[in-house]
Amino acid sequence: MVIKKVNLETVIGITSKLPQNDKPEFAFAGKSNVGKSSLINGLMNRKHYARVSQEPGKTQTINYYNINNEFYLVDLPGYGFAKVPESVKKQWGKMIENYLNKSVMLKQVFLLIDIRHEPSANDRMMYDWIVSQGVNPIIIATKSDKIKPSQHEKHIQMIKDTLGMPEDGLVLPFSAQSKAGREEIYELMDKLLEECATGEETEE
């Protein structure tokens, strides 16, 4: 995958309707301090396009990034850590739920988990909820540079066990610092886009 063009096309808030997109969407969910904006910047090959906040939980919108006019990266609000009123957290949860339930073009959900730590209760809840919607999320284990490469396999297994993932479930380590893991995510997206195109041709 070669990123030629990036455009923040749509930003929606709590009261906004979802856009009627006609291109595949890949959604990214994760705790507020898991490095989601850094991952998206890394995938878009842009340093500061997705805002990286020093204050976890500042993202209160769903942001649609049009990539190469071929597909969307969809940045969902962070959960679980923000120092905000409970009522606001519930609104963010409704935004995420509404998106995952109603987006017609959603093709894959990537759930970000900090590779260093056992998934939190919020992580487990989000994973279970995504699965209950009929989607098998792909886990991106962020901050992989913070532990030794020799520890990756052990920590990936810890994530799988804690979330109750099947053994063949995908967990991809990623480092925002070195970009290690980016090519693997690109390859996966290319494969998913090919499947989308083949599916459309078959339907026709």
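Presented here is a report on the structure given in the accompanying data block. Numbers given for residues are sequential positions, taken from 1 along each chain in its written order. Selection of residues for local features in this predicted model requires a pLDDT of at least 70, selection of side-chain atom pairs for listing and counting requires 80 or more, and totals for whole chains, interfaces and linings are taken over all residues. Computation of side-chain values covers all heavy atoms of the structure but excludes hydrogens and water.

### Here we look at the pairing of strand β4 (residues 71-75)
Accessibility here uses a 1.4 Å probe with only protein chains present; expressed as a share of the type maximum, an area under 20% marks a residue as buried, one over 50% as exposed, and anything in between as partly exposed. Going along the chain from the N terminus, every DSSP run of H or I of four or more residues is numbered as a helix, and every run of E of two or more is numbered as a strand. With five of five residues buried, β4 is to be regarded as a mostly interior element. Across the two faces of β4 the burial is the same, with F71, L73 and D75 and Y72 and V74 all buried. Examined bridge by bridge, strand β2 (residues 25-30) and β4 share four bridges and lie parallel to one another. The partner of F28 across the bridge, within β4, is D75. Bridging between strand β3 (residues 62-67) and β4 involves five bridges; their strand directions are antiparallel. Directly across from N66, in β4, lies its bridge partner Y72. At least two DSSP bridges between two strands are needed for those strands to be called paired.

### Concerning unusual backbone geometry
In the Ramachandran plot, K143 falls in the positive-phi region, its phi being about 60° despite a non-glycine side chain. Summarising the element assignment, K143 is placed in the loop between β6 (138-142) and α4 (152-163). Phi at K179 is positive, roughly 70°, even though this residue is not glycine. Note that K179 resides in the loop between β7 (171-173) and α5 (182-203).

### Describing the packing of aromatic side chains
Any aromatic ring pair is given by two values, namely how distant the centres are and how the planes are angled relative to each other. Each aromatic pair joins two rings of Phe, Tyr and Trp (for Trp, the six-membered one) with centres within 6.5 Å, and gets the label stacked for planes under 30 degrees apart, edge-to-face for over 60, and tilted for any other angle. The full count for this structure, using the stated rule, is five aromatic pairs. With a centroid separation of 5.5 Å and an interplanar angle of 50°, the aromatic rings of F26 and F71 are classed as tilted. Residue F26 is located in strand β2, and its partner F71 is located in strand β4; the two are separated by 45 residues in the primary sequence. Summarising the burial analysis for this pair, F26 and F71 share the class buried. Feature note: the residues F26, F28, F71 and F110 constitute an aromatic cluster, connected by ring pairs.

### Some words on the sheet that holds β6
Spatial ordering of the open sheet is given by β1-β3-β4-β2-β5-β6-β7, a layout of seven strands whose pairing is mixed. Strand pairing shows two members of the sheet lacking a second neighbour, β1 (6-12) and β7, which therefore form its edges. The mean inter-strand angle of the sheet, taken between neighbouring strand axes irrespective of direction, is 25°. Note: strand β5 (residues 106-114) against β6, five bridges, orientation parallel. Considered in β6, the bridge of L111 is made with I139. Along the sheet face, α4 touches β5, β6 and β7 and points at about 145° away from the line of β7. For helices, the fitted axis covers only the stretch in contact; all axes are lines through C-alpha atoms, and the angles between them, taken along N-to-C directions, range from 0 to 180 degrees. What makes two residues a contact is simply this: any of their non-hydrogen atoms within 4.5 Å.

### Looking at the side chain of N68
Turning to its location among the elements, N68 is positioned in the loop between β3 and β4. A residue is classified by how much of its surface remains accessible, and N68, at 17% relative accessible area, is buried. Here a polar contact is recorded for every N or O atom pair within 3.5 Å, except that within protein the pair must consist of a potential hydrogen donor and a potential acceptor, and residues adjacent in sequence are included only if both atoms are side-chain atoms. From its side chain, N68 meets the backbone nitrogen of K4 in a polar contact 2.7 Å long. N68 has contacts with V2, I3, K4 and K5, leaving out every residue within four places of it along the chain.

### Considering the nonpolar core
Nonpolar side chains in soluble globular proteins tend to be buried together. By nonpolar core is meant a set of buried Ala, Val, Leu, Ile, Met, Phe, Trp, Tyr and Cys residues that side-chain atoms within 4.5 Å join together. In this structure, L76, Y99 and I139 are the most contacted members of the largest nonpolar core, which totals 30 residues. Going through the elements one at a time, β2, β3, β4, α2 (86-102), β5, α3 (121-132), β6 and α4 are the ones with two or more residues in this core. In this structure, I139 is in contact with L111, I113, Y127, I159, L163, M165, L170, V171 and L172, ignoring residues within four places of it in sequence. If you look at the next biggest cluster of nonpolar residues, it comprises 25 residues, including F28, L43, Y65 and I140.

### Observations concerning the side chain of T142
With respect to the helices and strands, the residue T142 is situated in strand β6. Not counting chain neighbours up to four residues away, the residues in contact with T142 comprise V34, L112, I113, D114, I115 and F174.

### As for helix α1 (residues 36-44)
By the criterion of burial, α1 is predominantly enclosed, with eight of the nine residues buried. Directly beyond the C-terminal end of α1, a positive phi value near 60° is found at N45.

The quantities given are spatial measurements derived from coordinates; they are silent on function.
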